[in-house]
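Listed below are the residues making up each chain.
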Amino acid sequence: MKIKQFIAAFLVISSMNSVIAQDKKFKVHTVAFYNLENLFDTKDDEGVNDSEYTPANGWTKEKYQQKLRNLERVISEIGTSDQQTNSPVILGVCEIENRGVLEDLIKMPKLAAKDYGIVHYDSPDKRGIDTGFLYQKKHFTPTSSVNIPLMIQNIDGSGNRVYTRDQLLVTGFLDGEEMHFIVNHWPSRSGGEKRSSPYREAAGALNKKIIDSLQKINPDAKVITMGDLNDGPYNKSVKKFLGAKAKKEDVKPGEIFNPMEEMSNKGIGSLAYRDAWDLFDQMMFTEPFIRKDYDSFRFWKAGVFNKPYLVQTTGQYKGYPLRNSGGEAGFSDHFAVYAYLIKEVK
């Protein structure tokens, strides 16, 4: 065959493949995680270290409502585009004071129309902040949930327990397909990254234990673990103790794919500290999510929701996420992260 004929034939075949691809229809859902940065109400609750967020210290009902409006805007827009108009069907959150603040949040007009449900448990965290799970009732039906405590001892040698956030496991059906979600907020870097690392390594080990237990029941269990890990994709807590891998081709059955590692390597971050960006907010997927067919929901791609209106434009923290500052209600000191799940509709 002559070169020109070969090229012409190749173009015809390529065009046909393009048409076939365009004829396929896909269902796309957004799953996301967002650190809501100190979403506290204005009440001074006994036994909770929340006095900073009371009217006596400048946290008024007006500021609380502004914070809710800010978060409402973000959540309603995460992962949306010309092709994807729905807000996340699943949203893991952290740094919430109680169930009440989530109830206030989902009543905001842009979210109320989505009819979100809530899964929440109180954690023993000393600051009184918890993780939570929001889901669109139209698409997700929870069948079970449990709050799994992270039992760690203080590294000072005292033997005292460190009270931190539990890991929230929610199981249910997304449009008829069983999935498991773990919402995390791992121990902070208070006292320094290296000194506090054992706490997060223990959190990674607990996360792996939860996933292993689900896979023991069903080797094809679809598990998404998400959260503010206070570590990057490159840290031991994620790489060694959770065993997450950056490349799909390296992920074997029973293992975990972390799309955030490649993003981190490109300099993409979800928070900034001392003029350096990092990607503490992560979403990871068990192997069944990255199989090559689209007969059931698969991972498509992930992103960081960092729209310009979420960025500080002036002052010392110019370019950082627009957080609560000077007693005023901002958005969050973290950007939200999200992923698309895609399934072919036949």
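In this text the structure is predicted, and so the values were computed from the model without any measurement. (Residues numbered from 1 in each chain as written. Predicted model: local features only at pLDDT ≥ 70, side-chain atom pairs only at ≥ 80, totals over all residues. Heavy atoms only, no water.)

A. Expanded view of the overall build of the chain. Within the chain one finds 7 helices and 17 strands. A compact globule built from 346 residues would reach a C-alpha radius of gyration of about 20 Å, and the chain, at 21 Å, matches this within 12%. The principal-axis extent of the C-alpha atoms belonging to the chain is close to 80 × 45 × 40 Å. Element-wise, carbon and sulfur atoms account for 51% of the exposed surface of the chain, whose accessible area totals about 17,000 Å². Of the charged side chains in the chain, 47 are positive and 45 negative, and the gap between their average positions amounts to 7 Å. (Helix = DSSP H or I, 4+ residues; strand = E, 2+ residues; numbered from the N terminus. Rg over C-alpha atoms; globule rule 2.2 N^0.38 Å. Areas by Shrake-Rupley, 256 points an atom, 1.4 Å probe, with all protein chains shown as cover. Lys, Arg positive; Asp, Glu negative; His and termini not counted. Charge placed at Lys NZ, Arg CZ, Asp CG, Glu CD.)

B. Region of the structure containing the UniProt feature "domain: Endonuclease/exonuclease/phosphatase" (unreviewed entry) in the chain. Those residues carrying the UniProt feature "domain: Endonuclease/exonuclease/phosphatase" (unreviewed entry) are residues 30-342 in this numbering. Helix makes up 21% of residues 30-342 and strand makes up 31%, while its end C-alpha atoms are separated by 9 Å. (UniProt positions renumbered as here; feature names shortened; annotations may be inferred.)

C. The packing of aromatic side chains, seen in detail. Across all of its chains, the model carries 16 aromatic pairs by this definition. With a centroid separation of 5.6 Å and 50° between ring planes, the pair formed by phenylalanine 133 and phenylalanine 181 is classed as tilted. With phenylalanine 133 in strand β4 (residues 130-136) and phenylalanine 181 in strand β9 (residues 177-185), this pair connects stretches of sequence that are 48 residues apart. Here phenylalanine 133 matches phenylalanine 181 in class, with each residue buried. Ring geometry for phenylalanine 140 and phenylalanine 181: centres 5.7 Å apart, planes at 80°, overall edge-to-face. Remark: phenylalanine 181 occurs in strand β9 and phenylalanine 140 occurs in strand β5 (residues 140-148); sequence separation between them is 41 residues. Assessed through its relative accessible area of 1%, phenylalanine 140 is described here as buried. (Phe/Tyr/Trp six-rings, centres within 6.5 Å; stacked < 30°, edge-to-face > 60°. Buried < 20%, exposed > 50% of the residue type's maximum accessible area, 1.4 Å probe, protein only.)

D. Local environment of helix α3 (residues 99-106). Turning to α3, its buried residues number three or more, namely Val101, Leu102, Leu105 and Ile106. The arc that holds every buried residue of α3, seen down its axis, measures 130°, which confines them to one face. Here the buried face of α3 lies against β1 (25-39), α2 (61-77), β2 (90-96), α4 (109-112), β3 (116-120) and β4. Between the side-chain oxygen of the N-cap and the backbone nitrogen of glycine 100 there are 3.1 Å, and the N-cap of α3 in question is asparagine 98. (Arc of directions from axis to C-beta. Contact = heavy atoms within 4.5 Å. Polar contact = N/O pair within 3.5 Å; in protein donor to acceptor, adjacent residues only side chain to side chain.)

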